[in-house]
Each structure stands twice: as structure tokens, then as C-alpha cells.
Amino acid sequence: MYLLRDFLIVGCGSFFGGGCRFLVSKASAAMFATSFPFGTFIVNILGCFLIGFFSGLPYANFGVSPQAKLLLTTGFCGGFTTFSTFMNENLSLLSGGNNLFFFLYLVGSFALGLLCVWGGMAAAKVVAM
């Protein structure tokens, strides 16, 4: 029973996360006319901050259930960010001869992603005070 409930919670969060990823990617494509995949880059960096923030919140202090955390982290953030698209875009940049964009995208995503998870957790601590 709990497994089915949690499955549906994650699915609902993933639905909205994926929809938001689609909107951010379309908006980014309209704003930036370049071969650099800004849409995926933005959602992955923002998603790192959000999962850090959601994971860093002391849920008991805010009266938020473990199911809400599951909805926000595994569901929404899991649906919002995308590793497979990230890897596919890296391969496309590399095979297309865009070595500089490949390097910037790969290293920038990892470095900024790690920094944003840490920043999200730090922000959650400030909010919790």
C-alpha cells in the first residue's frame, strides 16, 4: 500500500518537474541562439540548488511529511533535471567539433551543480532559523 502511494507521489512530482523542464528549455532556446545547450544547463544547475534546498530543510520543524520531501526531491527534482539529455548533448557537442562548448558544459555543470547543492543546503539552514 505504501509503495503504491509513494510511487504515485513520485510520479506526480516527476510530471510537474518534467513539465517545468520543458518550459525552461523552450524559454532558453528562445532567449539564446547558440549551439550551447542552455536549457538543460539551466535546469540541471537550478535543480541542484532545489534538491539541496529541499534536502537541507528540517522537515519536522516545518511540519512537512516525508511524503512531501519525496514529492519535491525524487519526484519534482528528478523529473526536472536530466542526466541522459546532459550526456547526449555533450556527445553532440563533441562529435560536432564544439570542443570548447563541450568542455565548458561538462566542467561547468559539475562544478556549478556541486556548488548549487551546497548553496541550497546553506539556504535551507538560513530559512530554518
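Residues numbered from 1 in each chain as written. Predicted model: local features only at pLDDT ≥ 70, side-chain atom pairs only at ≥ 80, totals over all residues. Heavy atoms only, no water.

> Can you explain the overall build of the protein? Please cite residues and give values.
Secondary structure summary: the protein contains six helices and zero strands in total. When the helices and strands of the protein are read in sequence order from the N terminus, they spell out α-α-α-α-α-α. Taking the principal axes of the C-alpha coordinates as reference, the protein spans close to 50 × 35 × 25 Å. Within the protein, the fraction of its 129 residues that count as buried is 29%. Pairs at least 24 apart in sequence give 74% of the contacts found in the protein among residues at least 6 apart. (Helix = DSSP H or I, 4+ residues; strand = E, 2+ residues; numbered from the N terminus. Buried < 20%, exposed > 50% of the residue type's maximum accessible area, 1.4 Å probe, protein only. Contact = heavy atoms within 4.5 Å.)

> How would you explain the packing of helix α1 (residues 2-31) against helix α4 (residues 66-80) if you had to name every residue and give the values?
The geometry of α1 relative to α4 is characterised by a closest axis approach of 6 Å and an angle of 40° between their N-to-C directions. The angle between α1 and α4 places the two elements in the oblique class. Handedness of the crossing formed by α1 with α4: right-handed. In terms of residue class, the contact of α1 with α4 is built from 10 nonpolar, eight polar and three charged. (Axes fitted to C-alpha atoms, helices over the stretch in contact; angles between N-to-C directions. Parallel < 35°, antiparallel > 145°, perpendicular 65-115°, else oblique. Left-handed = near helix turned anticlockwise from the far one by under 90°. Nonpolar A, V, L, I, M, F, W, Y, C, P; charged D, E, K, R; others polar.)

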